[in-house]
Amino acid sequence: MLKGKKIVLGVTGSIAAYKSALLVRLLVKEGAEVQVVMTPAAKEFITPLTMATLSGRPVLCDFFDTNSGNWHSHVELGLWGDAMIIAPATAATLGKMANGVADNLLVTTYLSMKAPVFIAPAMDLDMYSHPSTQRNIDILRGYGNNMIEPASGELASHLCGKGRMEEPENIVARIKDFFFSGRLLTGKKVLITAGPTYEKIDPVRFIGNYSSGKMGFAIAQECASQGADVTLVAGPVSIATPHPSIKRINVESAQQMYNTATEAFPQCDTAILCAAVADYRPSSVAEKKIKRTGEGMTIELEANPDIAASLGKIKRDDQRLVGFALETNDGENNAREKLAKKNLDFIVLNSLTDKGAGFAVDTNKVTIIDKEGETRYPLKSKSEVARDIVKHLSKLLLVLLFILLPVSLDAQELNAVVNLNTSKIQGTNTEVFESLKDALSEFINNRKWTTYNYEDYERVSCNFTFIVDEYSDAGEFSVTLMVQSTRPVYGSSYNSPLFMYEDKVRFNYQSHDRLEFNEDNLDNNLTAVIAFYAYLILGLDMDAMGEMGGSDLLTKAQNIANNAQNLSDTGWRAGSGNSNRFSIIDDYMNGALEPIRQLMYRYHRLGLDTMYKNADAGRKVITETFALLNEAYANRPLAYFTKLFTEYKQDEFVNIYFKKGTSEEKQSVVKILSEINPSLSTSWDKILKDR
Ligand code: CTP
């Protein structure tokens, strides 16, 4: 996955330096070229020899090579790297980096680095929480560096708390995430409102609220780190915004915030409205300080404009609007009401009653609510919450890009998670399993299965889980294979199940065998099975994307099934039960799946995708598609997909009709579903009874 990526790994003097050895190994295993740079103190914890051996390159520590007199150019390293990781980063190094104290090769390399920098701090909990460390971290974050926050747990001092360097596997995952998804908001313009507003009563007094602006500023920071140009309209708060891509406009009152935001919004792709805007302002502002009279007094208030609702009214189809709801009671209902009333794409709910959430604290606990449903997140730091929100947003924006700009790049099509479960067998031979798992992942993900051009984000997500039932030292495997795939519903974060299948497969594999696949000459049962499912998944996904798309891929799957009948695995043979791969193809060959093919397209593309924008219209299309399901069933009652479609989508069906739709609609749908799959009557009952 990181093939050809050049990574500079900076190691500093912390006990966690031993973990950098594993980090190098993992990066190299992913195909990256790693150049290790160590501080003098790091050498006390791990030897340069270890790091050089693992990375396959001499380690750099000093400005000069004392033997040859060669100068180690930090400038060249800064240009060479595609990314720099500093792991572990000690408090001292964080301080030097934040303040430009360039007294070792690692810090000079950092200062020369043109590529993104990832920093994984490691230290004792008190050092980590010390304001000076936190200030340095904020500064470094502000410069656009990516912080990989330490985890909580037992530390070298035997104390427990936050300060443990993140595990190498997770660091590699962050790096892969970065390279794989690129920066999430590159080229986007984002408007953010943050902080409180002050509504003047007289020259020295105002009506305000407790908002600290921390959440909004964290979002601005995250958007900027993800490549966006940010316009931050900030109420009166005292937080700095050092990131160069944040343009900050300070305002005081709701009216000023409204004026600035409405002017900026048309030039933006998105607005995220985090500000705690005062709903009312004094009807008149006293010119002079109001004097105490000893009597009670009344201030007359008038309504402020609702910024979110105003932007919701002028929002174009290519723009997205995100709001916040801070509630003390009945949070979800209130948030949903605001979502609809203000025409938001999603709303972030935080509840003042949740411990650690709300004003002034550094943590937050949120639920993201959109028309589809809600996602609850645990208590996290505000910068992590910001990352979740930006991820959610980026999905919506990618969908827009997909609809508006179907540009094509040469990306592979499948994005498969491969699991190999060996818990059923005794005497595990880890090397062969590890090698098989890597080989499978490489084979499925890096092979170009189609001639279509996919963008990275269009890759079809799927899971291949291999449960090893039997294994012999001669390399004979017998596995249960579970294949699953989902399809995103455009415009939402919801993934709809597309494909689910369980199969038994036998094959031979020895450590480091190459997995070969040749369509015309099938001699390997394992790769034939994978190719079969790959084509099936992609074929069905393409079906969902276009009226006739994907048929050529389904034909390929069919050819494999035909050609594979001579392979030793009986699962290929027709008639060996209804649960073998051949039965799927058998259905195809008998024409029973043509209605299912159409159904997939209509159901997903015209039904679910529309539902997101217009729930009633989308649901109507879906109700109509059940007629196709009925037709498929009438033609061939045993067709595998007819039954499976009802099974893997049962929850979805229940959700679609939950408290929605007319009773005739529900009854017609339930009649068909009950006939096809009576065993799922509990679910179908739920549709009728809205439970
Ligand atoms: N908002 C806004 N302008 C306002 C009030 C609110 O832009 N004058 C935005 C907030 O930034 C937030 C969302 O609307 O994103 C919801 O804010 P909230 O104060 O919870 O909503 P109100 O409509 O003011 O409802 P409430 O009666 O609960 O105060």
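Each remark here, short or long, concerns the structure printed above.
Counting restarts for each chain, with residues numbered from 1 along the sequence as it is written. Per-residue local features of the predicted model are confined to residues with pLDDT of at least 70, and side-chain atom pairs are confined, for both listing and counting, to 80 or more; whole-chain, interface and lining totals are unaffected and use all residues. Side-chain numbers here rest on the full set of heavy atoms in the structure, without hydrogens or water.

**Structural notes on the overall build of the chain**
In plain terms, the rule: Runs of E in the DSSP output that reach at least two residues are strands. Runs of H or I that reach at least four are helices, and both are numbered from the N terminus. Here the globule rule is a power law, 2.2 Å times the number of residues to the power 0.38, and the radius of gyration is based on C-alpha atoms. Note on exposure labels: buried denotes an accessible area under 20% of the residue type's maximum, exposed denotes more than 50%, and partly exposed covers the range between, all computed with a 1.4 Å probe on protein chains only. His is not counted here, nor are the chain ends, while Lys and Arg score as positive and Asp and Glu score as negative. For the purpose of locating charges, the reference atoms are NZ of Lys, CZ of Arg, CG of Asp and CD of Glu.
The secondary structure content of the chain amounts to 23 helices and 25 strands. Computed over its C-alpha atoms, the radius of gyration of the chain comes to 29 Å, within 12% of the 26 Å expected for a compact globule of 691 residues. For the chain, the spread of C-alpha atoms along the three principal axes comes to 95 × 80 × 45 Å. Split into buried and exposed, the 691 residues of the chain put 51% on the buried side. With 74 positive and 84 negative side-chain charges, the chain shows a separation of 5 Å between the mean positions of the two kinds.

**Focus on the sheet that holds strand β1 (residues 6-11)**
Rules: For two strands to be treated as a pair, DSSP must find no fewer than two bridges joining them. The contact rule is simple, with two residues in contact once any of their heavy atoms fall within 4.5 Å. Helix axes use the C-alpha atoms of the stretch in contact, all axes being lines fitted to C-alpha atoms, and the angles between their N-to-C directions lie in the range 0 to 180 degrees.
In space, the five strands of this open sheet follow the order β2-β1-β3-β4-β5, with parallel pairing throughout. This sheet does not close on itself; its edge strands, each paired only once, are β2 (33-38) and β5 (146-147). Sitting on the sheet, helix α2 (residues 48-55) touches β1 and β2, and the angle it makes with β2 is about 170°.

**Notes on the state of the cysteines**
Stated formally: The disulfide criterion is simple: two cysteine sulfur atoms within 2.5 Å.
The tally for this structure, following the rule as stated, stands at zero disulfides. C274 provides the cysteine sulfur closest to C223, a residue in no disulfide bond, and the two sulfurs are 8.7 Å apart. In this structure C274 comes out as buried when scored by relative accessible area, which is 14%.

**A look at helix α9 (residues 214-225)**
Under the convention used in this document: One less than the residue count of a helix, multiplied by 1.5 Å, gives the span that helix is expected to have.
Relative to the 16 Å expected for twelve residues at 1.5 Å per residue, α9 spans 16 Å between its end C-alpha atoms, a close match to the ideal helical length. In terms of burial, α9 is a largely internal element, eleven of the twelve residues being buried. Every buried residue of α9 is listed here: M215, G216, F217, A218, I219, A220, Q221, E222, C223, A224 and S225. After α9 finishes, the residue G227 shows a positive phi value of roughly 95°.

**Thoughts on the environment of V361**
Relative to the assigned elements, V361 resides in the loop between β17 (346-351) and β18 (363-364). Judged by relative accessible area, V361 falls into the partly exposed class, the value being 32%. Separated by 294 residues in sequence, V361 and N655 place their C-alpha atoms 36 Å apart. Apart from residues no more than four positions distant in its own chain, V361 is found in contact with K214, G356 and K382.

**Regarding the sheet that holds strand β11 (residues 229-234)**
A sheet is described by the order of its strands in space; here eight strands give the open sequence β12-β11-β8-β13-β16-β17-β19-β20, paired in mixed fashion. Edge positions in the open sheet fall to β12 (246-250) and β20 (374-376), since each of these has one partner strand only. For this sheet, the mean angle separating the axes of adjacent strands, direction not counted, is 15°. As paired elements, β11 and β12 share five bridges and run parallel to each other.

**Side note on the site of the ligand**
Rules: Proximity is defined per residue: if any heavy atom of the residue lies within 4 Å of a molecule or strand, that residue is considered near it. Polar contact is the term for a pair of N or O atoms within 3.5 Å; when the atoms are in protein, one must be able to donate a hydrogen and the other to accept it, and sequence-neighboring residues count only if both atoms are side-chain atoms. Residue exposure ignores everything except the shown protein chains as possible cover, and the areas themselves are Shrake-Rupley values with a 1.4 Å probe. Here the nonpolar group is Ala, Val, Leu, Ile, Met, Phe, Trp, Tyr, Cys and Pro; Asp, Glu, Lys and Arg are the charged ones; every other residue, Gly included, is treated as polar.
Inspection of the region around the ligand gives L273, A275, V277, D279, P305, D306, I307, A308, G323, F324, K338 and K342 as its neighbouring residues. In this structure, a nitrogen atom belonging to the ligand sits 3.4 Å away from a side-chain N or O atom of D306. I307 has a polar backbone atom sitting 2.9 Å from a nitrogen atom of the ligand. Compared with its free state, where it exposes 560 Å², the ligand has 77% of that area covered by protein. If you list the elements that add at least two residues to the shell around the ligand, you get α11 (307-314) and β16 (320-327). Its residues assigned to classes, the shell around the ligand shows seven nonpolar, one polar and four charged.

**Overview of the environment of N209**
Considering the arrangement of structural elements, one finds N209 in the loop between β10 (205-207) and α9. The spacing of N209 and I307 is 98 residues in sequence and 17 Å in space, taken between C-alpha atoms. The contacts of N209, once residues within four sequence positions are left out, are P196, T197 and A276. For N209, the side chain forms a polar contact with the main-chain oxygen of A276, separated by 2.9 Å.

**Describing the pattern of salt bridges**
Any two side chains of opposite charge can pair if their charged atoms end up close together. Condition: In the sections that follow, a salt bridge refers to a side-chain nitrogen of Lys or Arg positioned within 4 Å of a carboxyl oxygen of Asp or Glu.
Evaluation of the coordinates by the stated rule reveals 30 salt bridges. A salt bridge links D138 to R141; the nearest nitrogen and oxygen atoms lie 3.9 Å apart. Of this pair, D138 and R141 both sit in helix α7 (residues 131-142), three residues apart, roughly one helical turn. Taking the relative accessible area as the measure of exposure, D138 reaches 46% and is therefore partly exposed. By relative accessible area, which is 17% here, R141 ends up buried. With a closest N to O distance of 3.2 Å, R619 and D616 form a salt bridge. Of the two residues, R619 and D616 are both situated in helix α19 (residues 615-635); the distance of three residues between them amounts to about one turn of the helix. Residue R619 is classed as buried on the basis of its relative accessible area, which comes to 5%.

**Some thoughts on the packing of helix α10 (residues 254-264) against α11**
Going by this rule: Between 65 and 115 degrees an angle is taken as roughly perpendicular, under 35 as roughly parallel, over 145 as roughly antiparallel, and anywhere else as oblique. Two helices cross in a left-handed way if the nearer one is turned anticlockwise from the farther one by less than a right angle. They cross in a right-handed way if the turn is clockwise.
Running from amino to carboxyl end, α10 crosses α11 at an angle of 20°, the nearest separation of the two axes being 10 Å. Between α10 and α11, the angle is such that the two are roughly parallel. The chirality of how α10 crosses α11 is right-handed. Here A254, M257, Y258, A261 and T262 of α10 lie close against α11, whose contacting residues are I307, S310 and L311. Each residue belonging to the contact of α10 with α11 can be placed in one class, and the counts come to six nonpolar, two polar and no charged.

**Describing the side chain of E413**
Relative to the helices and strands, E413 resides in the loop between α13 (382-404) and β22 (414-421). Since its relative accessible area comes to 0%, E413 is described here as buried. Within the local environment of E413, its side chain forms a polar contact with the side chain of K448, the two groups lying 2.7 Å apart. Engagement of the side chain of E413 in a polar contact is seen with the backbone nitrogen of W449, the distance being 2.9 Å.

**Some remarks on the nonpolar core**
We count it as follows: Nonpolar core, defined: a set of buried Ala, Val, Leu, Ile, Met, Phe, Trp, Tyr and Cys residues in which side-chain atoms within 4.5 Å join the residues together. Throughout the structure description, domain borders are defined by an automatic or database domain assignment.
Residues F464, F466, F499, F532 and Y533 are the most contacted members of the largest nonpolar core, which totals 87 residues. In terms of residue count, helix α15 (residues 525-545) provides more of this core than any other element does, 13 residues in total. A domain-level breakdown of this core finds at least three residues from each of domain 3 (403-590) and domain 4 (595-691). Look past the residues within four positions of F499 in its chain and what remains in contact with it is V483, Q484, S485, Y533, L536, I537, L540, F641 and Y648. In this structure, A218, I219, A220 and C274 belong to the second largest nonpolar core, which totals 34 residues.

**Here we look at the packing of helix α21 (residues 650-657) against helix α23 (residues 681-689)**
Running from amino to carboxyl end, α21 crosses α23 at an angle of 10°, the nearest separation of the two axes being 8 Å. In terms of orientation, α21 and α23 fall into the roughly parallel class. Residues Q650, F653, V654 and Y657 of α21 lie in contact with α23, whose contacting residues are S683, W684, K686 and I687. A per-class count over the contact of α21 with α23 returns five nonpolar, two polar and one charged.

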